[in-house]
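What follows is each chain in one-letter form.
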Amino acid sequence: NYEIACFDVNGQQKWSSKLGGEAKRCAISRDSRKIGVACGDTNLHMFNDTGLLLWRYGCEGQATCLGINRDATVNAVGHTNGDLHILDGLGSRLRREDMPFDILSLDISGKGTKLMAGSYDKLVYLDLEKGTKNIFQVENWIKDISMDHEPNLILVGSMGIVSFFDGDLQLVYN
């Protein structure tokens, strides 16, 4: 019914909110104060921890994934049309990357300096401080990505394989 609900650790519902489309992905800032929802209505919705809608950012394609850094000062949303939008903490666009493939998964380091995005056979690494972008060809569909604060450890989940990389993108373990 296009509704998002937030629960506390005891399973008690704290709040709920209607959306304009199906919730595709949710992310919580590491300080637990912001909740982002990528929605099928092409919007990224940002709520605070009490359910107040702080801002909404609209794009051209269906929002399929999102990433939020430690305190939600850097946010990103990926779309089925290849758009990757990087936003500040107020929902204003900092940068846009147009990819020739769907963006299906992504994450941002806690500091908000590194971003990784995945697609069917591509892995994209953006260094937001340096302004560099690397695209890697991979064998399997990238289903999920997670990074720690620096990042010192990057986890990439694909079809049947989980890969751990260090902060320099050197493979640690498959």
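Residues numbered from 1 in each chain as written. Predicted model: local features only at pLDDT ≥ 70, side-chain atom pairs only at ≥ 80, totals over all residues. Heavy atoms only, no water.

**Some thoughts on the packing of aromatic side chains**
Item 1. Under the criterion given, the structure shown has 3 aromatic pairs.
Item 2. A centroid spacing of 5.2 Å and a plane angle of 55 degrees characterise the contact between Tyr-120 and Trp-141, whose relative ring orientation is tilted. Highlighted residues: Tyr-120 in the loop between strand S12 (114-118) and strand S13 (122-127) and Trp-141 in the loop between strand S14 (132-137) and strand S15 (142-147), separated in sequence by 21 residues.
Item 3. Under the relative-accessibility criterion, Tyr-120 is labelled partly exposed at 41%.
Item 4. Its guanidinium or amino end placed over the ring of Trp-141, Lys-143 lies 4.2 Å from that ring's centre, counting from NZ or CZ. (Phe/Tyr/Trp six-rings, centres within 6.5 Å; stacked < 30°, edge-to-face > 60°. Helix = DSSP H or I, 4+ residues; strand = E, 2+ residues; numbered from the N terminus. Buried < 20%, exposed > 50% of the residue type's maximum accessible area, 1.4 Å probe, protein only. Lys NZ or Arg CZ within 6 Å of the ring centre and 35° of its normal.)

**A few points about the sheet that holds S14**
Item 1. An order of S11-S12-S13-S14 is seen for the 4 strands of this open sheet, with the pairing classed as antiparallel. Single-partner strands in this sheet number two, and they are strand S11 (105-108) and S14. On average, adjacent strands in this sheet sit at an angle of 15 degrees to one another, irrespective of strand direction.
Item 2. Two strands pair when backbone bridges link them, and S12 and S13 are joined in this way by 5 bridges, in the antiparallel orientation. Paired with Gly-118 across the bridge in S13 is Leu-123. (Pairing = 2+ DSSP bridges. Axes fitted to C-alpha atoms, helices over the stretch in contact; angles between N-to-C directions.)

**What to know about the sheet that holds strand S18 (residues 171-173)**
Item 1. Taking strand neighbours across the sheet as the criterion, the 4 strands line up as S15-S16-S17-S18 in an open arrangement whose pairing is antiparallel. In this open sheet, the two edge strands, each paired with only one partner strand, are S15 and S18. Neighbour-to-neighbour, the strand axes of this sheet turn through a mean angle of 30 degrees, independent of strand direction.
Item 2. Where S15 meets strand S16 (residues 153-158), 5 bridges bridge the pair, whose relative direction is antiparallel. Bridge pairing in S16 links Ser-146 to Leu-155.

**Regarding the nonpolar core**
Item 1. Ranked by size, the top nonpolar core spans 14 residues in total, and within it Ala-76, Leu-84, Ile-103, Leu-106 and Leu-115 carry the most contacts.
Item 2. Only strand S8 (74-79), strand S9 (83-88), S11, S12 and S13 provide two or more residues apiece to this core.
Item 3. With near-sequence residues (within four places) excluded, Leu-84 lies in contact with Ala-76, Val-77, Gly-78, Arg-95, Arg-96, Glu-97, Met-99, Leu-106, Leu-115 and Leu-126. (Core = buried A, V, L, I, M, F, W, Y, C linked by side-chain atoms within 4.5 Å. Contact = heavy atoms within 4.5 Å.)

**What to know about the environment of Leu-66**
Item 1. Among the structural elements, Leu-66 can be located in strand S7 (residues 63-68).
Item 2. Once the C-alpha coordinates of Leu-66 and Leu-84 are considered, the two residues, 18 residues apart in sequence, prove to be 9.4 Å apart.

**A look at the layout of surface pockets**
Item 1. Each pocket or cavity is described by its volume, and for the largest pocket that value is around 250 Å³.
Item 2. If you trace the largest pocket, you find 13 residues lining it, with Leu-123, Val-138, Ile-142, Ser-163 and Phe-165 closest to the centre.
Item 3. At the level of secondary structure, the elements contributing two or more residues to the lining of the largest pocket comprise S16 and strand S17 (161-166).
Item 4. Here the lining of the largest pocket takes 3 residues from S17, the largest share from any one element.
Item 5. Partitioned by chemical class, the residues of the lining of the largest pocket number 8 nonpolar, 4 polar and 1 charged.
Item 6. Approximately 200 Å³ is the volume attributed to the second largest pocket.
Item 7. Lining the second largest pocket are 15 residues, and of these Ala-27, Leu-66, Leu-106, Asp-107 and Ile-145 lie nearest its centre.
Item 8. When residues of the lining of the second largest pocket are traced back to their parent elements, those giving at least two are strand S3 (23-28), S7, S11 and S15.
Item 9. Across the lining of the second largest pocket, the residue classes tally to 8 nonpolar, 2 polar and 5 charged. (1 Å grid on protein atoms, 1.4 Å probe; cavity = no way out; pocket = protein on both sides within 12 Å on 5 of 7 lines; lining within 4 Å. Points joined across faces, edges and corners; volume = space filled by probe spheres on them. Nonpolar A, V, L, I, M, F, W, Y, C, P; charged D, E, K, R; others polar.)

**Quick word on the confidence of the model for the protein**
When pLDDT drops low, the exact placement of atoms in the prediction is not to be read closely.
Item 1. Averaged over the protein, the pLDDT score is 89; the fraction of residues at 70 or greater is 100%.
Item 2. For the protein, per-element mean pLDDT is lowest for S7, which scores 86, and highest for strand S2 (residues 13-18), which scores 95. (pLDDT = per-residue confidence, 0-100.)

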